[in-house]
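Structural characterization, general
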Amino acid sequence: MGLTLTTLHIPGDEAAILPLLKKGETVRTHSPGWTTVLPGAGAPDRGEQSLQKLARRIPGACLYFHYFDDDMFQLLLFEGGKRTAVLSTCDMMGRSSKVDRISPAIFGDDRATAALKLI
């Protein structure tokens with residue numbers, strides 16, 4: 001068994017999302033221009049459901065990231081409360097779809113699209 005990590009990444013200032021946080025969730029601002037939300041310590045599913053629920057309440061674009069057992073990950077793009085793209089390394093976690101939407105939604109251009117498709 002390896003590392004399992006679930007995070008939500010939101011471009012911009014954390015002040016806008018603070019009212020949306022539930023008890024126990026933690027905000028990190030170590031990456032300039034991004035706000036990262038970590039699930040509460042007692043989250044029964046490592047925060048998978050709670051962070052996706054929070055992503056649905058974010059008015060803009062955000063990235064949900066779930067890294068499982070050192071070798072599988074899933075990246076979900078949420079835009080306006082809806083899941084619009086999936087990048088996954090394992091079909092069990094969900095099939096990749098609409099990967100070319102991720103870079104324009106987050107960066108405003110396609111600079112990351114080739115790298116994301118390569119993954």
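The following refers to the structure shown. (Residues numbered from 1 in each chain as written. Predicted model: local features only at pLDDT ≥ 70, side-chain atom pairs only at ≥ 80, totals over all residues. Heavy atoms only, no water.)

**Some details on unusual backbone geometry**
A negative phi angle is the norm for most residues apart from glycine, just as the trans form is the norm for most peptide bonds. The phi torsion at lysine 98 lies on the positive side, around 55 degrees, for a residue other than glycine. Counting through the fold element by element, lysine 98 comes out in the loop between strand S6 (82–88) and helix H2 (102–107). (Helix = DSSP H or I, 4+ residues; strand = E, 2+ residues; numbered from the N terminus.)

**Some points on helix H1 (residues 48–55)**
Residues of H1 that are buried: Leu51, Gln52, Leu54 and Ala55. End-on, the buried residues of H1 take up no more than an arc of 155 degrees, which puts them together on one face. Away from its buried face by more than 90 degrees, H1 exposes Gln49 and Lys53. (Buried < 20%, exposed > 50% of the residue type's maximum accessible area, 1.4 Å probe, protein only. Arc of directions from axis to C-beta.)

**Some remarks on the sheet that holds strand S2 (residues 26–28)**
Reading across from one edge, S2-S3-S1-S4-S5-S6 is the order of the six strands in this open sheet, with antiparallel pairing throughout. A strand with exactly one partner marks an edge of an open sheet, and here the two such strands are S2 and S6. Adjacent strand axes in the sheet meet at a mean angle of 20 degrees, parallel and antiparallel pairs treated alike. Taken together, the three bridges between S2 and strand S3 (residues 34–38) define a ladder with antiparallel strand orientation. (Pairing = 2+ DSSP bridges. Axes fitted to C-alpha atoms, helices over the stretch in contact; angles between N-to-C directions.)

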